[in-house]
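Residue-level structural notes
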Amino acid sequence: SAVISQKPSRDICQRGTSLTIQCQVDSQVTMMFWYRQQPGQSLTLIATANQGSEATYESGFVIDKFPISRPNLTFSTLTVSNMSPEDSSIYLCSVEVGNEQFFGPGTRLTVL
Amino acid sequence: QKEVEQNSGPLSVPEGAIASLNCTYSDRGSQSFFWYRQYSGKSPELIMFIYSNGDKEDGRFTAQLNKASQYVSLLIRDSQPSDSATYLCAVGFSEAARQLTFGSGTQLTVLP
C-alpha cells in the first residue's frame, strides 16, 4: 500500500486566484494521478503525472488551467488557476502501487 | 467516450442480508475492474479488483465479472451497518490500475 498526504486539507479562495495543492507519498511511485470530485458526484480523472515528463491531461482539462509538477518520485503538485466557483470541488491525488490505486485524503476547495 | 454506469440507489438492506451492487461499462477493451468504498467525507478505499471472467471472493465480498455482457458486480454477504457507504465501480483500459473511469457510485445503507 501507500501512505499519501495532501496539503492543504481544505481552503476557501477568492475568484480569480490560484491554489497549489501538494501531494506527498511515502514511497517512490512511477505514476501519480489527480482527480476531481465535485459535490455529490463521482471522481473524474484530471491528469496523469509521470516523473520527468509532461503530465497527460484528460479530455476537458488543460494545462493552463491545471498545471502539474512532478519533480521527483514521491511528490507532485496540482495548481488550480484563475479559479471560479465552478472549481469548488474535492481534489484527490492517487498513486499506483502494484495493480492497485490508492488515494490521498483530498483537498476540499471552495471558491467564492 | 468511456462510460461506467451504476445504479445510483440509495440501496437499503437489513443487517445480515446480501447487498448486490451492479456496474456496466461501455468500452469492450476494458481490462481491469475495481470496487472502492467511500465513506462520507473520506477518500475512496479499494475493496477488490478483478481482471478475469467469473467470481473472486475476499471475505464477505465477492466480485463478479462478465466481459461478454460488460457487467461487473459486488456482493456483500452478512451486511453490517459499518458497510454503509457509497460504492464506486472503476474500470481501467489496461491491467494496471491507471487512468480509471469511475461510475457515479451506489449509496448503500445497512439497517440495524
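Below or above, wherever it landed, is the structure these notes cover. None of the values given here were measured: they were computed from a predicted structure.

Definitions and limits used
- Along every chain, residues carry numbers that run from 1 in the direction the sequence is written.
- To read the labels, note that chains go from A and ligands from 1, taken in the order they are written.
- pLDDT decides what is reported in this predicted model: residues at 70 or higher carry local features, side-chain atom pairs at 80 or more are listed and counted, and totals for whole chains, interfaces and linings draw on all residues regardless.
- As a rule here, side-chain values come from all non-hydrogen atoms in the structure, and water together with hydrogens is ignored.
- Only Phe, Tyr and Trp rings are paired, with Trp represented by its six-membered ring, and only when their centres lie within 6.5 Å; those with planes under 30 degrees apart are stacked, over 60 edge-to-face, the remainder tilted.
- The way it works is that DSSP assigns letters per residue, a run of H or I at least four long becomes a helix, a run of E at least two long becomes a strand, and they are numbered from the N terminus.
- Accessibility here uses a 1.4 Å probe with only protein chains present; expressed as a share of the type maximum, an area under 20% marks a residue as buried, one over 50% as exposed, and anything in between as partly exposed.
- For a ring to carry a charge above it, either NZ of a lysine or CZ of an arginine must fall within 6 Å of the ring centroid while also lying within 35 degrees of the normal to the ring plane.
- Side-chain atoms alone can form a polar contact between residues adjacent in sequence; in general such a contact is a pair of N or O atoms within 3.5 Å, and within protein one must be able to donate a hydrogen while the other accepts it.
- Whether two residues touch is decided by their heavy atoms; if any such pair falls within 4.5 Å, the residues are in contact.
- Strand pairing is defined by DSSP finding a minimum of two bridges between the two strands.
- Angles run from 0 to 180 degrees between N-to-C directions of axes, and those axes are lines fitted to C-alpha atoms, restricted for helices to the stretch in contact.

**Section: the packing of aromatic side chains**
All names here are of chain B. Enumeration over the complete set of coordinates arrives at 10 aromatic pairs over all chains. Where Phe-34 meets Phe-49, the ring centres are 6.1 Å apart and the plane angle is 45°; that geometry is what we call tilted. Of this pair, Phe-34 sits in strand β4 (residues 32-38) while Phe-49 sits in strand β5 (residues 45-50), placing them 15 residues apart in sequence. A relative accessible area of 0% means that Phe-34 is categorised as buried. A cation over a ring is seen here: Lys-56 above Phe-49, with NZ or CZ 3.8 Å from the ring centre. Note that Arg-60 overlies the ring of Phe-61, its terminal NZ or CZ placed 5.5 Å from the centroid.

**Some remarks on the side chain of B:Arg37**
Residues and elements named next belong to chain B. You can see Arg-37 is positioned in strand β4. Residue Arg-37 is classed as buried on the basis of its relative accessible area of 16%. Of the polar contacts made by the side chain of Arg-37, one reaches the side chain of Tyr-39; its length is 3.4 Å. Leave out the neighbours within four places in its chain, and Arg-37 touches Ser-43, Pro-44, Glu-45, Ile-47, Phe-61, Asp-83, Ala-85, Thr-86 and Tyr-87.

**Section: the sheet that holds strand β6 (residues 54-58) of chain B**
Adjacent strands of a sheet form backbone hydrogen bonds with each other and so pair up, either parallel or antiparallel. Residues and elements named next belong to chain B. The sheet built from five strands is open, its strands ordered β1-β3-β8-β7-β6 with antiparallel pairing. The open sheet has two free edges, formed respectively by β1 (4-6) and β6, since each of these has just one partner strand. Strand-to-strand twist of the sheet, defined as the mean angle between neighbouring strand axes without regard to direction, takes the value 20°. Direction of pairing for strand β7 (residues 61-66) relative to strand β8 (residues 71-76): antiparallel, over a ladder of six bridges. Looking at the pairing, Gln-64 lines up with Ser-73 of β8.

This is a description of form; function is not addressed.
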